[in-house]
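Here is how the chains run, residue by residue.
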Amino acid sequence: MALQFTSTPSTARKAQAEREAVLADPGFGRHFTDHMVLIDWTVEDGWHDARVEPYGPFTVDPASAVLHYGQEIFEGLKAYRREDGSVWTFRPDQNAARMQRSAQRLALPQLPTEDFVESLRRLVEVDEQWVPAGGEDSLYLRPFMIANEVFLGVRAAQTVLFSVIASPAGPYFPAGVKPVSIWLSREYARAGKGGTGAAKCGGNYAASLLPTQEAFANGCAQVLFLDESGDANLEELGGMNVVLVKADGTLVTPRSESILDGITRNSLLELAQDMGHAVEHRPVTLDEWRDGVASGEIVESFACGTAAVITPIVAIKAKDEADAFGDPDAPAGEVTMALRTALTDIQHGRADDAHGWMTQLVEAR
Ligand SMILES: *Cc1c(COP(=O)(O)O)cnc(C)c1O
């Protein structure tokens, strides 16, 4: 049976002027709305006490399991406002299903899809005024789940907390889409065979931060990880999937059990097929990419994920010069930009939603 939500409206909502100042230049992940969703889970009672509360710090015991063993998962998706005032989100059932798979891997309980989607709806309804209008702006939704049992024994926690918070997000590229260079890491991996690479968990991100610092220090936007096979198979970036575009129009994306199953990637590949592109989902080596760029067989490449949608990749930098290729000053590719437009037009309600990907959260005004 679906969870029933209770609601405690905030008595300290941000004033309209303050909210409007934030929405005028939201950046990413720095400002939060007036409310949050919390749902408790225990072994005895399952999911219970679903509630909307004023946004704010909650107490976590210093012995809470998540602080010691990192038993945590999260999701990320966006709410978009249309011209008629209605608010929509993109494929929330896919995020719900992926969170269930992540939960399974991290030995956390699975939140049913209808409760996941209802938690988004509740939060966006109460904080509706925080959904920006126009352009590429959106309200970023961050569902997450933590082991919250007060116990230092090493086993799956028997007390868990699910929460959703929301943060207005401006365009990822305020000055227009800017192609990036990516730092190849041979020294570090984000995941290994049988590990947690396919789960959206904080631990994967923790593992990516040191190589990401190295990337920043070398003028790169992100790290590219390879798998541990020794064959230099491509995995993905710290938080985005990778797609290569061949001269004949074929799109190629790496297949591996330790890659995060990106909803943006999957959707872009479906749109590409609608446009007549062939799509290959198979192991891809770094050599294939480098040699393909050199021979002209691979003409574009991009990274993709909810936050930035698509980021064109024009060069790979690396410690070993022999690993580097591409032109850091090259423009974004045509196929890359056409796919970006096709997807963002659906998300923002500017194009027909032929696949039925959009879910309405708030009615038109
Ligand atoms: C979230 C995430 C992605 C992108 O997934 P989307 O569903 O497209 O947002 C890619 N890689 C990693 C490691 C991620 O955590």
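Residues numbered from 1 in each chain as written. Predicted model: local features only at pLDDT ≥ 70, side-chain atom pairs only at ≥ 80, totals over all residues. Heavy atoms only, no water.

Participant: How should the packing of aromatic side chains be read in this particular structure?
Facilitator: Centre distance and the angle of the planes are the two values used to describe a pair of aromatic rings. This model, assessed by the stated rule, comprises eight aromatic pairs. Ring geometry for Phe32 and Tyr55: centres 5.5 Å apart, planes at 5 degrees, overall stacked. Note that Phe32 is positioned in the loop between α1 (16-24) and β2 (35-42) and Tyr55 in the loop between β3 (46-54) and α2 (66-69), a separation of 23 residues in sequence. Where Trp47 meets Phe162, the ring centres are 6.4 Å apart and the plane angle is 85 degrees; that geometry is what we call edge-to-face. Taken together, the residues span a long stretch of sequence, with Trp47 in strand β3 and Phe162 in strand β8 (residues 159-169) at a distance of 115 residues. Taking the relative accessible area as the measure of exposure, Trp47 reaches 14% and is therefore buried. (Phe/Tyr/Trp six-rings, centres within 6.5 Å; stacked < 30°, edge-to-face > 60°. Helix = DSSP H or I, 4+ residues; strand = E, 2+ residues; numbered from the N terminus. Buried < 20%, exposed > 50% of the residue type's maximum accessible area, 1.4 Å probe, protein only.)

Participant: Can you help me understand the pairing of strand β10 (residues 222-226) in this one?
Facilitator: Across the five residues of β10, five count as buried, placing the element largely inside the fold. Residues Gln222, Leu224 and Leu226 point to one face of β10 and Val223 and Phe225 to the other, with burial holding for every one of them. By the bridge criterion, four bridges tie strand β9 (residues 180-185) to β10 in an arrangement that is parallel. Within β10, the residue paired with Ile182 across the bridge is Gln222. As a crossover connection, the stretch from β9 through helix α5 (residues 202-217) into β10 is right-handed. Note that β10 and strand β11 (residues 234-237) share two bridges and pair antiparallel. (Pairing = 2+ DSSP bridges. Right-handed = clockwise from strand over helix to strand, strands pointing away.)

Participant: Just checking my understanding: could you explain the domain arrangement of the chain for this structure?
Facilitator: When the parts come together, some accessible area is lost, and that loss is often what is quoted as the size of the interface. Per the domain assignment, the segments of the chain are domain 1 (5-169) and domain 2 (180-347). Roughly 1800 Å² is buried in total at the junction of domain 1 and domain 2, and carbon and sulfur atoms are behind 55% of that figure. Together, Phe74, Phe90 and Arg98 form the three largest contributors to the area buried by domain 1 at its contact with domain 2, with a combined 33%. Scanning the region where domain 1 abuts domain 2 turns up three salt bridges. With its nearest N and O atoms 3.9 Å apart, the salt bridge here joins Glu270 to Arg91. Taken together, the links from domain 1 to domain 2 amount to eleven residue pairs in polar contact (both at pLDDT 80 or more). For the side of domain 1 that touches domain 2, the secondary-structure elements that each account for two or more residues are β4 (72-74), β5 (77-81) and α3 (92-105). With six residues, the single largest contributor to the side of domain 1 that touches domain 2 is α3. For the side of domain 1 that touches domain 2, the residue count by class is seven nonpolar, four polar and nine charged. (Domains from an automatic or database assignment. Buried area = accessible area lost by both parts, 1.4 Å probe. Salt bridge = Lys/Arg side-chain N within 4 Å of Asp/Glu carboxyl O. Polar contact = N/O pair within 3.5 Å; in protein donor to acceptor, adjacent residues only side chain to side chain. Nonpolar A, V, L, I, M, F, W, Y, C, P; charged D, E, K, R; others polar.)

Participant: Explanation requested: the pattern of salt bridges in the structure shown.
Facilitator: Between side chains of opposite charge, a pair can form as their charged atoms come close. Taken as a whole and assessed by the stated rule, the structure comprises 23 salt bridges. In this structure, Arg365 and Glu128 form a salt bridge, with 3.4 Å as the shortest nitrogen-oxygen distance. Taken together, the residues span a long stretch of sequence, with Arg365 in the segment after β18 (358-362) and Glu128 in the loop between α4 (113-126) and β7 (138-147) at a distance of 237 residues. Take Glu128: its relative accessible area is 17%, and that puts it in the buried class. A salt bridge links Asp323 to Arg290, with the nearest nitrogen and oxygen atoms 3.5 Å apart. With Asp323 in the loop between β16 (309-317) and β17 (325-326) and Arg290 in helix α7 (residues 286-295), the pair connects residues that are 33 residues apart, well separated along the chain. The same class applies to Asp323 as to Arg290, namely buried. Within the structure, one salt-bridge network assembled from shared partners comprises Asp40, Asp49, Arg51 and Glu53.

Participant: Honestly, a nonpolar patch on the surface in this entry has me stumped. Any pointers?
Facilitator: A cluster of nonpolar side chains, contributed by Tyr69, Leu152 and Val154, occupies part of the molecular surface with about 330 Å² of accessible area. The residue Val154 is located in the loop between β7 and β8 in this model. (Patch = residues over 30% accessible without salt bridge, like charges linked within 9 Å, V, L, I, M, F, W, Y side chains within 5 Å. Areas by Shrake-Rupley, 256 points an atom, 1.4 Å probe, with all protein chains shown as cover.)

Participant: How should I be thinking about the packing of α3 against α4 in this particular structure?
Facilitator: Pairs of packed helices are described in terms of their axes, by the angle between the two and the distance that separates them. It is at 9 Å that the axes of α3 and α4 come closest, and there the two elements cross at 125 degrees. Between α3 and α4, the angle is such that the two are oblique. As α3 packs across α4, the resulting crossing turns out to be right-handed. Seen from α3, the contacting residues are Pro92, Asp93, Asn95, Ala96, Met99 and Gln100; seen from α4, they are Thr113, Phe116, Val117 and Leu120. The residue makeup of the contact of α3 with α4, split by class, is six nonpolar, three polar and one charged. (Axes fitted to C-alpha atoms, helices over the stretch in contact; angles between N-to-C directions. Parallel < 35°, antiparallel > 145°, perpendicular 65-115°, else oblique. Left-handed = near helix turned anticlockwise from the far one by under 90°. Contact = heavy atoms within 4.5 Å.)

Participant: Explain unusual backbone geometry here, please?
Facilitator: Backbone geometry follows two general trends: most residues other than glycine have a negative phi, and most peptide bonds adopt the trans configuration. A positive phi angle is found at Arg91, which is not glycine, with a value near 50 degrees. If you trace the backbone, Arg91 turns up in the loop between β6 (87-90) and α3. Of the residues examined, Arg91 reaches a relative accessible area of 10% and is grouped as buried. Even without glycine at this site, Val309 takes up a positive phi of about 65 degrees. Mapped onto the elements, Val309 comes out in strand β16. A residue is classified by how much of its surface remains accessible, and Val309, at 7% relative accessible area, is buried.

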